[in-house]
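Read off the chains here:
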Amino acid sequence: MSDTFRRILSSFLCVQLNFLGTTLEVCAAKQATLAPARSEFSTAAEAKEPTPLRRLLQKPYVELFDLAPSVEFTAKEIESQRKALEEGKDFCVARFKDHAKRYAKEIDSAQKDLKAQTIKLNEVQRRQVHCRIQNLELLRSEAQALSSHAIPTAYDNLNAKLDLLQKWPALYKQTQQEIASGTYLNRRWGDVKDIGFREIAANQQDDIKKGQQAIEEMKRSGLLPPEVEDKSIQEYVNSVAQRIAQKSDLKIPLHVSVLQSREINAFALPGGYLFIERGLLEAADDESELAGVLAHEMAHDAARHANKLMKKATIAGIFYQAAQVAAMILTGGVAGIGTYYALQYGFYGLGFVLNLNLLGVSRDYEMEADQLGVQYAWNSGYDPSGFIRFFDKIATREGYVNGASWFRTHPPFYQRMVNTRREIMFLPAKQDLIVQTSAFEQMKKELAPIAAAANKEQMGRPSLKVTREQGCEPPTKLEYKPGQPIEALCSAPARTVNGAAH
Ligand SMILES: [Zn+2]
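Residues numbered from 1 in each chain as written. Predicted model: local features only at pLDDT ≥ 70, side-chain atom pairs only at ≥ 80, totals over all residues. Heavy atoms only, no water.

Time to look at the overall build of the protein chain. Scanning the protein chain from N- to C-terminus turns up 20 helices and five strands. When each of the 502 residues of the protein chain is scored for burial, the buried share is 53%. When the accessible surface of the protein chain is summed, it comes to about 22900 Å², and 54% of that surface belongs to carbon and sulfur atoms. (Helix = DSSP H or I, 4+ residues; strand = E, 2+ residues; numbered from the N terminus. Buried < 20%, exposed > 50% of the residue type's maximum accessible area, 1.4 Å probe, protein only. Areas by Shrake-Rupley, 256 points an atom, 1.4 Å probe, with all protein chains shown as cover.)

Take a look at the structure:
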């Protein structure tokens, strides 16, 4: 290895210093000799054992609703936990922003050196430097995606659970009183015995054309993933959706497609067009969870949420912007390489590109769709708590690293969870609510090899459309174990790349 080359590879070493309780990463760019890298470090978050309260926040919402009335924490304990979460989030976001900045600096230096040394490098060395730059870009994109999407979402979810522990006991009592006195019947859409005969929003049929236009635009701009080529999976999901639609307030035909995409996502375009991405089927564990999501999406169409948000916008206008973003992300344009990891994690997939107005997404409409959705799931014979269980699983187990796309359109917050839980309490008791079916289990069996094949194909061609130098060993994805608290991610050591090529 030539001295020059050694210098290019070794000139971006960073050390982590513990300064006044905060970890600082100091990068000694252009340094001639190797500085000793310290691998051990400590952070405020890591040093502390999690408190019993913090440990509780790792539990699912469904369990917390049951536990909250019996566990008692003082206002002081709650407040100090809230502060700790706030600090934890700031620390974690800042840390990943720093990582991103540091990678950017390293890229910059590597490019400068490359330019200066270009004549002296042989082909192998040049490729190594290219790989190094490419991998640094991947790491930078990952750090950016985590700091701007995944980490805040994970902390929002913990805060929602803390709110639940704090406020649910009193609200639970109030809910019981509302049921005892009969006042619960006066709530919005409290007329659940008239589902299908009441009017949530007039003229649903007026949205059909908009939905069709949107689908055409999506196809044109390459935004719509292909359908899963398995008739029985399509038929199964369709049958569950139609069963719910029959018992909902949707008065227009419902069209259902399962898309070949690993995103954990489902969405309804206006006018009764329901799309389920394959990743969502993989993430669901029983039919009532799937039913909960389908019912929620259907509710957006029944209530014509998109129409209310799109008053002035046209489909063409909405898609002009989406198509620009999509072209860069999906075809590996300028933004391509930088979004590789974000794509891998589902941050910039279809869920990211779709316009929120087109999906009818707003805080109020989400809550309305939650309410109507659990009503439809219940009315068609499903256990309505399937929706909360699914939401919870995505938030707690997958949300912050794997399946963030659903959270872009369905942010976790306390009011949603609590309103949904209250609605479930208000629904008249029913016997034999469906949780699991053999048809669902059969679908999962058929899905497994399809998902495996699709993922393998993606691995073999690691979206290398977005990478320029072929055959570089990409940096490993962040280690993440289901159920791991976010703090583990925050305190994970920064990764480095070596620029090795196979
Ligand atoms: Zn929604």
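Ring pairs (aromatic) are described by centroid distance and by the angle formed between their planes. Summed over all chains, the structure comprises six aromatic pairs. Summarising the aromatic geometry, the rings of Tyr236 and Phe440 are spaced 6.4 Å apart at their centres and angled 70° between planes, so their arrangement reads as edge-to-face. Here Phe440 lies in helix α19 (residues 438–460) and Tyr236 lies in helix α8 (residues 231–246), a separation of 204 residues in the sequence. Here the two residues Tyr236 and Phe440 agree in accessibility, since each one is buried. Seen from their ring centres, Phe267 and Phe275 are 5.1 Å apart, and the 20° between their planes marks the pair as stacked. Given a relative accessible area of 4%, Phe275 falls into the buried group. Put simply, the rings of Phe65, Trp168 and Tyr172 pair up and form one aromatic cluster. The ring of Tyr61 carries Lys161 above its face, with NZ or CZ at 4.9 Å from the centroid. (Phe/Tyr/Trp six-rings, centres within 6.5 Å; stacked < 30°, edge-to-face > 60°. Lys NZ or Arg CZ within 6 Å of the ring centre and 35° of its normal.)

A separate point is the pattern of salt bridges. For the structure on display, the rule yields 27 salt bridges. When the shortest N-O distance is used, the salt bridge between Glu178 and Arg422 registers 3.1 Å. In this pair, Glu178 sits in helix α6 (residues 123–181) while Arg422 sits in helix α18 (residues 414–426), placing the two residues 244 residues apart along the sequence. For the pair Glu178 and Arg422, a shared accessibility class is recorded, and that class is buried. With a closest N to O distance of 2.7 Å, Arg278 and Glu282 form a salt bridge. Taken together, the residues span about one helical turn, with Arg278 and Glu282 both in helix α9 (residues 278–283) at a distance of four residues. A residue is classified by how much of its surface remains accessible, and Glu282, at 32% relative accessible area, is partly exposed. (Salt bridge = Lys/Arg side-chain N within 4 Å of Asp/Glu carboxyl O.)

Our focus in this paragraph is the nonpolar core. Core analysis: the largest hydrophobic core is formed by 49 residues, its most contacted members being Ile244, Leu274, Ile276, Leu281, Leu294, Met298 and Tyr376. Examining the composition of this core, we find that eight residues originate from one element, helix α10 (residues 287–302), more than from any other. Residues in contact with Leu281, not counting those within four places in the same chain, are Ile233, Val237, Val258, Ile276, Leu290, Met443, Lys444 and Leu447. Counting residues in hydrophobic clusters, the runner-up holds 47 residues, among them Leu158, Leu171, Met417 and Leu489. (Core = buried A, V, L, I, M, F, W, Y, C linked by side-chain atoms within 4.5 Å. Contact = heavy atoms within 4.5 Å.)

Now for the sheet that holds strand β3 (residues 255–259). Pairing between the strands of a sheet is mediated by backbone hydrogen bonds and can be parallel or antiparallel. On the basis of which strands lie adjacent, the open sheet formed by three strands has the order β3-β5-β4 and mixed pairing. In this open sheet, the two strands that pair with only one neighbour each are β3 and β4 (266–269). Strand-to-strand twist in this sheet, taken as the mean axis angle between neighbours without regard to direction, amounts to 20°. In the packing of α8 onto the sheet, the strands contacted are β3 and β5 (273–277), and the crossing angle to β3 comes to about 140°. (Pairing = 2+ DSSP bridges. Axes fitted to C-alpha atoms, helices over the stretch in contact; angles between N-to-C directions.)

The description of two helices packed together rests on the angle between their axes and the distance between the axes. The interhelical angle for the contact between α10 and helix α15 (residues 363–379), taken along N-to-C directions, is 115°, at an axis separation of 7 Å. Classified by chirality, the crossing of α15 by α10 is right-handed. The residues of α15 that touch α10, namely those facing Ala295, His296, Ala299, His300 and Ala302, are Tyr365, Glu366, Ala369, Asp370, Leu372, Gly373, Tyr376 and Ala377. Its residues placed into classes, the contact of α10 with α15 shows eight nonpolar, three polar and two charged. (Left-handed = near helix turned anticlockwise from the far one by under 90°. Nonpolar A, V, L, I, M, F, W, Y, C, P; charged D, E, K, R; others polar.)

Below, the discussion takes up helix α7 (residues 208–220). For α7, with 13 residues, the first-to-last C-alpha span of 18 Å sits near the 18 Å given by 1.5 Å per residue. Three or more residues of α7 are buried, namely Gly211, Ala214, Ile215 and Met218. Along the axis of α7, the buried residues cluster in a sector spanning 100°; they form a single face. With respect to the buried face of α7, the exposed residues turned more than 90 degrees away are Lys209 and Arg220. At the C-terminal side of α7, Gly222 shows a positive phi close to 70°. (Expected span 1.5 Å × (residues − 1). Arc of directions from axis to C-beta.)

One pass over the structure, following the stated rule, counts one disulfide. Covalently, Cys92 is tied to Cys490 through a disulfide, its sulfur atoms 2.1 Å apart. Because the sign of the S-S torsion sets the handedness, a value of about -95° for the bond joining Cys92 and Cys490 places this disulfide among the left-handed ones. Of this pair, Cys92 sits in helix α5 (residues 75–117) while Cys490 is found in helix α20 (residues 486–490), placing the two residues 398 residues apart along the sequence. (Disulfide = S-S within 2.5 Å.)

This part covers the environment of Arg262. Considering the arrangement of structural elements, one finds Arg262 in the loop between β3 and β4. The exposure class of Arg262 is partly exposed, given its relative accessible area of 31%. The sequence separation of Arg262 and Leu281 amounts to 19 residues, and the corresponding C-alpha distance is 9.4 Å.

The backbone of Arg304 sits at a positive phi, close to 55°, despite the residue not being glycine. Inspection of the secondary structure assignment puts Arg304 in the loop between α10 and α11 (305–309). Its identity is not glycine, yet Asp432 carries a phi of approximately 55°, on the positive side. Inspection of the secondary structure puts Asp432 in the loop between α18 and α19. By relative accessible area, Asp432 is classed as exposed at 72%.

The quantities given are spatial measurements derived from coordinates; they are silent on function.
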